[in-house]
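Okay, here's what each chain looks like letter by letter:
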Amino acid sequence: MSMYDKKVELLRKYARSISKSCEFHVGSEVPQKKIDNAMKKFAQGLDPFTIIGFMDTSLTNSGKNGYVFTDTMVYYVETLESPRKLKYDEIDSVEIGYIDRKNDNDRTLVFHLKNDSRKVWSGKLLYKTPLYHFFQELLELEKEEKERQKRLKEEIKQSQFKNTQSSFAGSISGGSAMGTYGTVNKLFNEEKFHARQGHGFAAERANHLYDKLKGKDAKIVGDDNAKNGADRIVNGIEIQSKYCATGSRCINECFENGGKGAFRYYSNNGKPMQIEVPSDQYDGAIAAMEEKIKRGQINGVTNPEDAKKIVRKGNFTYNQAKNISKAGTVESITYDAANGAVIASSAFGVSAVLTFATSIWNGEDFDIALKNATYSGIKVGGTAFITSILASQLSKAGLNSALVGSTEAIVGLMGPKASAVLVNAFKSGSNIYGAAAMKSAAKLLRGNIITAGVTVVVLSSFDIANIFRGRISGKQLFKNFANTTSTVAGGTAGWVGGAAIGSAILPGIGTIIGGLIGSVGAGAVASKTTDAILGTFIEDDADEMVAIIEREFSNLAVDYLLNQKEAENIVNVLQYRLDGGTLKDMFASDNRGEYARRILIPMIEAEVSVREKIKLPTVDQFTNSLKTVMEELADTF
């Protein structure tokens, strides 16, 4: 039950007792006409959706006078008075005035406010005792809600302070594996960028991405290497991409015998495919195509004007296409960032959904589960985005080529069967086997090595920054780095195993589902195993800092003569003060004990400042007490 519903039911409990002569509507039972009249007469600014009840004190039951109770305040107007409102969070306490009066409705209800002022309800139509009990329970509800909100904030802080990889290792592993799957496929498909005509393939991919982002139904079909087949299909139109230095060269490549022969590219319906050319070469390509039509080199096309129907203006210039295939250029980084955003959205979704489900299964409240899911999604999605860009840039810079020898040697040792398992687990599209699988496996392995390495570095970047700032120890960095590496490696291995099983059951979608399931399980196990092994001989920096705080608190408790209640109050406040950033700053301090005391002493002094002031007994009082004690002692002997 929501807090609003609780307040509605609370008012319903007392409504008939509060007023015995007025109409009292509760919750959704309040007539709309009365709400409208109240808003015009005395409840300006009222949000109708917050109303929990309405006591109508008007003579004609029109709603023009009365008390409108909402979930946060009361709008009211008493006889001969101007409209007023009373906010629940302004009330410090409530008491009944003129308690000696016989009739309850002749008494008053006094609200003591937190600003040391007060408000008094004296209306004869109100029975003050049930109203008093209503407000007492209402204030208790308000107090409970505030405490719940504090606990919620603390739980959110704690959930963020905990090592998210440890708490939701499976979710992170699954999201990271999904990001890796997208990045590895991207690197696999971009291997052609390194070829002599790599800019042509870059243009094809860039135009495909542009069309996808524009919401078009775009597909890459040229990877099947079919002779004279289309490179792309956009909204059902078959397209052949030709990106050359001049428009005439783009067109010449579409004809046999260096441009002198017959046209090569026809759709299944027998009509010429569209030829996509660089945007800056479009006019030259049109002129060249018109000349080919005049010469009768295209079957079924005789009108030179039809050149504009055949030649398609690409979304990028020739130089832009060349720059996309290189590392470090604006065009290249922009292209990789656009692809990275698509990959990151998948990684975010997978990690967020898995984390949310895990939180709910662990018994967390909905709000906490949602916060955990968002935090995990942002972390993994952001990692996937940065990883995709860095991995792509490193591959274009030559790291991919440097790994050719080692990856081919590894694939040679793996053999065709193991290579097929690897390539079919990560490569989108139909399964392949034999020599083709080994060749593709080497490409995918290079992509995996680059992507996994970058992922570990990105996930560990905050730890690395913290050690340079002195905020964590070398042993903590080693433990976190090992945990991150094992999670990523476990997730990748789990993807391969799960994808192989899923592909055997249901090729295509089964590959991805199986990979996700495998990566979640394996990543979680790897993280927990690493944490358990390293935890036996490496103490977390946070645990070490908390131990120092506990020691200093024990010493200060003796110095300040803290009783149990005071100590508990201080610990409660301390829970809100301590977070990951504070503990890291404490680790970086020169004197950690002194740092802990600087945290604790203001809290302790604030607590002891509210102690009751002690008035010492006089000398005579001490003398009389001493006399009494001595007499009692004498009587015992």
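In this text the structure is predicted, and so the values were computed from the model without any measurement.

Colleague: Lay out the pattern of salt bridges in plain terms, naming residues and giving numbers.
Modeller: Considering all chains together, one arrives at 18 salt bridges under this definition. Residue Glu137 is joined to Lys13 by a salt bridge in which the shortest nitrogen-to-oxygen separation is 3.1 Å. Of the two residues, Glu137 sits in helix H3 (residues 128-161) while Lys13 sits in helix H1 (residues 3-18), which places them 124 residues apart along the sequence. Close ionic contact of Glu552 with Arg597 constitutes a salt bridge, the shortest N to O distance being 2.8 Å. Placement of Glu552 in helix H18 (residues 541-559) and of Arg597 in helix H21 (residues 592-608) is noted, with a sequence separation of 45 residues between them. Arg597 sits in the partly exposed class, given a relative accessible area of 24%. A network of salt bridges, in which partner residues are shared, links Asp211, Lys216, Arg232, Glu276 and Arg312.

Colleague: Let's hear about the packing of aromatic side chains: which residues, and what values?
Modeller: The full count for this structure, using the stated rule, is 15 aromatic pairs. Ring geometry for Phe69 versus Phe134: centroids 5.7 Å apart, planes at 90 degrees, classification edge-to-face. Here Phe69 is found in strand E3 (residues 66-70), whereas its partner Phe134 is found in helix H3, with 65 residues between them in sequence. Ring plane angle 80 degrees and centroid distance 4.9 Å describe the contact between Phe111 and Phe135, whose orientation is recorded as edge-to-face. In this pair, Phe111 is assigned in strand E7 (residues 108-113) and Phe135 in helix H3, connecting sequence segments 24 residues apart. Judged by its relative accessible area of 0%, Phe111 falls in the buried class. Classification of Phe135 by relative accessible area gives buried; the value is 0%. Through a chain of ring-to-ring contacts, three or more aromatic side chains come together here, namely Phe24, Tyr67, Phe69, Tyr76, Tyr88, Phe111, Trp121, Phe134 and Phe135. Stacked on the ring of Tyr98, the Lys or Arg Arg101 has its end atom at 3.9 Å from the ring centre.

Colleague: Kindly report on the sheet that holds strand E8 (residues 118-121), identifying the contributing residues and their values.
Modeller: Read across the open sheet, the three strands follow the order E6-E7-E8; overall the sheet is antiparallel. Either end of the sheet is taken by a strand with one partner, and the two such strands are strand E6 (91-97) and E8. Taking each pair of neighbouring strands and ignoring which way they run, the sheet shows an average axis angle of 20 degrees.

Colleague: Requested: an account of the sheet that holds strand E12 (residues 274-277), with residues and values cited.
Modeller: The strand order across the open sheet built from five strands is E9-E10-E11-E12-E13, with neighbouring strands paired in mixed fashion. Strands at the two margins of the open sheet, each flanked by one partner only, are strand E9 (218-220) and strand E13 (311-313). The sheet shows a mean angle of 30 degrees between the axes of neighbouring strands, taken without regard to direction. Taken together, the three bridges between E9 and strand E10 (residues 232-234) define a ladder with antiparallel strand orientation. Residue pairing across strands places Lys219 opposite Ile233, the latter belonging to E10. Contacts from helix H6 (residues 198-213) reach E9, E10, strand E11 (237-241), E12 and E13, with the element oriented near 155 degrees to E9. Together, E12 and E13 form the strand contacts of helix H8 (residues 282-294), whose direction differs from that of E13 by roughly 175 degrees.

Colleague: Go over the pairing of E12, please, and point to the residues and values.
Modeller: Going residue by residue along E12, you find Gln274 and Glu276 tucked away on one face and Ile275 and Val277 tucked away on the opposite face as well. Where E11 meets E12, three bridges bridge the pair, whose relative direction is parallel. Directly across from Ile239, in E12, lies its bridge partner Gln274. As paired elements, E12 and E13 share three bridges and run parallel to each other. Considered in E13, the bridge of Val277 is made with Lys313.

Colleague: If you had to explain a positive patch on the surface to someone new, which residues and values would you point to?
Modeller: A cluster of basic side chains, namely Lys33, Lys40, Lys41 and Lys64, defines a positive patch on the protein surface. Topologically, Lys33 is positioned in helix H2 (residues 32-41).

Colleague: Just give me the short version of the environment of Tyr266, but keep the residues and values in it.
Modeller: With respect to the helices and strands, Tyr266 occurs in the loop between helix H7 (247-252) and E12. Taking the C-alpha atoms as reference points, Tyr266 and Ile298, 32 residues apart in sequence, are found 9.6 Å from one another. Setting aside chain neighbours within four positions, we find Tyr266 in contact with Lys271, Pro272, Met273, Gln297, Ile298 and Asn299. Here Asn299 takes part through its backbone nitrogen, which lies 3.0 Å from a polar atom of the side chain of Tyr266.

Colleague: Describe in detail the confidence of the model for the protein, supporting the description with residues and values.
Modeller: For the protein, mean pLDDT is 74; residues scoring 70 or higher make up 58% of the total. For the stretch residues 155-167, pLDDT sits under 50, and the model shows 25 contacts to residues farther than four places along the chain or on other chains. This model gives residues 489-539 a pLDDT under 50, and the stretch forms 86 contacts once residues within four places in sequence are excluded.

About the cut-offs
Residues numbered from 1 in each chain as written. Predicted model: local features only at pLDDT ≥ 70, side-chain atom pairs only at ≥ 80, totals over all residues. Heavy atoms only, no water. Salt bridge = Lys/Arg side-chain N within 4 Å of Asp/Glu carboxyl O. Helix = DSSP H or I, 4+ residues; strand = E, 2+ residues; numbered from the N terminus. Buried < 20%, exposed > 50% of the residue type's maximum accessible area, 1.4 Å probe, protein only. Phe/Tyr/Trp six-rings, centres within 6.5 Å; stacked < 30°, edge-to-face > 60°. Lys NZ or Arg CZ within 6 Å of the ring centre and 35° of its normal. Pairing = 2+ DSSP bridges. Axes fitted to C-alpha atoms, helices over the stretch in contact; angles between N-to-C directions. Contact = heavy atoms within 4.5 Å. Patch = residues over 30% accessible without salt bridge, like charges linked within 9 Å, V, L, I, M, F, W, Y side chains within 5 Å. Areas by Shrake-Rupley, 256 points an atom, 1.4 Å probe, with all protein chains shown as cover. Lys, Arg positive; Asp, Glu negative; His and termini not counted. Charge placed at Lys NZ, Arg CZ, Asp CG, Glu CD. Polar contact = N/O pair within 3.5 Å; in protein donor to acceptor, adjacent residues only side chain to side chain. pLDDT = per-residue confidence, 0-100.

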